Amino acid sequence: MKVMEMNKRMSGDGLAAHGLGGLSHVVLNRRYQQLLKKAMRCCGGPSPWQCRKQGEAHDLLALAQVCGRLDVKEIDMKGSFRAIVVMEAPVMLRPDHTGQCRLAEYAILGILYHEEAVSAALPGAAFVSVLAPNDLWYANVGSLDKGQPLCLGLTLPAAIPVKEIVLMAWGALTMQTVMIDERDSAGVLNADAARWWQDNLQRIPLTGEPFIRRQVDRRGD
Amino acid sequence: MSRRRFMKVADTRLVCPVPRDQRLPQFTGLRKDAHAVLNGLSIGVVGAGSVGLNYLTAMATLQIKKLLVVDPGCFKPQSLLTHRVPPSAARNGGAKARIAAKICHEISPATECSYFPGPVEDLELSAFLDVDLVVLATDNLAAEKDVSQRCLHLGIPLLQCAVHGETLVAQVRFCSNQQADGPCLCCSYNSEEREHLAARTRFSCLGGLGDREIEVPRAPTMSTAATCSLAADLGATMTLRHALSLGSPLQDCQVEFCGYTNTSSTTPLRHSDRCLCDHTRWQIVQSPSPLAQTSLGELLDLTGYGAASPWQISIAPSGHVFVEIGVCQSGHWQRIRRFGQQGRSWGKCKRCGRLLYAHPFFAHESVPATAVGDLLGRSLRRLGVHGTQSVLTRCDSAATLVVQPSNIFVGSSQP
């Protein structure tokens, strides 16, 4: 009951009042507590890196709990920080042979956070791979044989938190933030998609919904 | 990114025509056998330009045991304005590292001179393992960070020679690296230098972290030959003081001479908690057998981490990644579970026959032991590791570099 009350305070308007910094105060639901506990049992690396990963894991789970459109399936902290999350978002797929657009309702994201990212700016494509669905149709998503990396910018600043990467991924997939100039080498991984989107600007963004839903997510309680 | 190694200047002469004792002074207060020390002294020099080449020739005249030269650049006609470079080399634009090593070998045939004409970041982690001192003479911040980090890990003293031509300043910084928590060159970086370093790093969008490229500064060293030479000679003098233990022991410090005021100053260097570098000291273990024939389990026994919990341990053969899952152009996933070099293909897809590539989410530059638990009995070669000279193993905050029995591979140079 206490967990639900706390989460209610921290969701929607509550989170807006506290900002993303308030995530560390969110009490995780039972399922996420178990997920975090399991990941922490196999947390490797130097102590500061272990602490960082544990903090990132908690914040990611808390964000998933309060936002209502994210479900964390797995967290691995043995080496680099790795998480598999399902994001409910309209996701654009390659148009079919008739040129009709296809939208998927979710994306499975592989979030990879290297230890090096704590102290150095890393390329924007180094953090998120779209594991499913295949054939994404975005200028800033790489090809299948490269693991569909989602480019979030030329470089991301050192020590960027995972929760911010998730928000950037939401913005990129829903096209609330766009980069479709195929002549700009920064961020365009699919020139065909970039040109297609230039001709279909009216479809942008795919949704105007905010990332945080107003309803509290009580899955797992 | 495959790690690379030094090449040796081919020459069969082994004796210097003029022995050094004909000019080497009897240093005041010398408590060591100077000739024995110099005969065993090995130095790695990164940067063979206006400062580095002068330093190299100064050390070659001391007829030391070994000089390793690293520089990715080539000489150009303007080099004549700041270097003591042979005019023909400046005109023809040869590789700085190769020509500098040859010049040193001509001055001192007894000195073993090797060179690497590429970025220092591409060298094997163990490349400087058997040198007594590394000297940095480049204005490339990324190279500076890389060398500083290597020397910290390996506990090798580092000397940096630099100039500020506009103010006639010659500067030398010395990091003893005796303690892991001592100062390194990056400890004194300000926010501007940090941003500068980040801005200079360029990444291949699809190549992953291994395919980064450091933008080499295009602006040449704007200085007079005399200021460059002064910095190099200050560095050579400090090297001699350090190697022969002349005067009081050399501390972590910065020595600066300003030509405008004819004054010199010495300032201590201090460790910063905000340093970019990892201040972990690596333990060095030499493998009794070639690394390729060593199994992962034997590696862990060598490091003494065999008893630790597997999730505390990670393994990283130099220049290799461990790939759990590959993906083809059709998007099919396939289990791979072996080491290999980044950027290459990993065989063919069993479903569609197209080439497989490492999936970035399932590739490890440093693989946790838990991910290879069932492969511990296999040799590194069977697991796809070829030509590596070292393997870095970590256990919590400790790290051990396991190196080949013969650390530095030396091939012959192309004339």
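Reading guide: rules and limits
Residues numbered from 1 in each chain as written. Chains lettered and ligands numbered in written order. Predicted model: local features only at pLDDT ≥ 70, side-chain atom pairs only at ≥ 80, totals over all residues. Heavy atoms only, no water. Contact = heavy atoms within 4.5 Å. Buried area = accessible area lost by both parts, 1.4 Å probe. Salt bridge = Lys/Arg side-chain N within 4 Å of Asp/Glu carboxyl O. Polar contact = N/O pair within 3.5 Å; in protein donor to acceptor, adjacent residues only side chain to side chain. Helix = DSSP H or I, 4+ residues; strand = E, 2+ residues; numbered from the N terminus. Nonpolar A, V, L, I, M, F, W, Y, C, P; charged D, E, K, R; others polar. pLDDT = per-residue confidence, 0-100. Core = buried A, V, L, I, M, F, W, Y, C linked by side-chain atoms within 4.5 Å. Buried < 20%, exposed > 50% of the residue type's maximum accessible area, 1.4 Å probe, protein only. Pairing = 2+ DSSP bridges.

### Quick notes on the interface of chain A and chain B
- With 36 residues of chain A at the interface, the matching set in chain B holds 25 residues.
- For the pair chain A and chain B, the summed buried area comes to about 2,600 Å², and 64% of that belongs to carbon and sulfur atoms.
- It is Arg82, Asp145 and Lys146 of chain A in chain A that bury the most area against chain B; as a group they hold 22% of the surface buried on that side.
- Counting across the chain A and chain B interface gives zero salt bridges.
- Applying the counting rule to chain A against chain B returns five residue pairs in polar contact (both at pLDDT 80 or more).
- If you list the elements that add at least two residues to the side of chain A that touches chain B, you get α4 (47–67), β2 (81–93), β3 (102–113), β4 (122–123) and β5 (128–132) of chain A.
- Considering only residue class, the side of chain A that touches chain B consists of 16 nonpolar, 14 polar and six charged.

### Quick word on the confidence of the model for chain A
- Summing up the model confidence of chain A, the mean pLDDT is 85 and the portion of residues at 70 or higher is 84%.
- Here residues 1–13 of chain A scores under 50 on pLDDT; set against residues more than four positions off or in separate chains, the count is 28 contacts.

### So, the environment of Trp137 of chain A
All names here are of chain A.
- Relative to the assigned elements, Trp137 resides in the loop between β5 and β6 (149–150).
- Distance in space between the C-alpha atoms of Trp137 and Asp192 is 8.9 Å, their sequence separation being 55 residues.
- When residues no more than four places from it in sequence are discounted, the contact partners of Trp137 are Met92, Leu93, Arg94, Pro95, Asn190, Asp192, Ala193, Trp196 and Trp197.

### Comments concerning the nonpolar core
Residue and element names in this part refer to chain A.
- Membership of the largest hydrophobic core comes to 61 residues, with the highest contact counts inside it found for Leu70, Phe81, Met87 and Phe127.
- It is α4 that provides the largest number of residues to this core, a total of nine residues.
- For Phe81, the residues in contact, after removing those within four places along its chain, are Trp49, Lys53, Glu56, Ala57, Leu60, Ile75, Asp76, Ile111, Leu112, Tyr113 and Val162.

### Some points on the sheet that holds β5 of chain A
Residue and element names in this part refer to chain A.
- Within the open sheet, the five strands sit side by side as β1-β2-β3-β5-β6. Their pairing is antiparallel. What marks the edges here is a single partner per strand, and that holds for β1 (70–76) and β6.
- Inspection of the sheet shows β2 paired to β3 by eleven bridges, in the antiparallel sense. When the bridges of β3 are listed, Val85 appears paired with Leu109.

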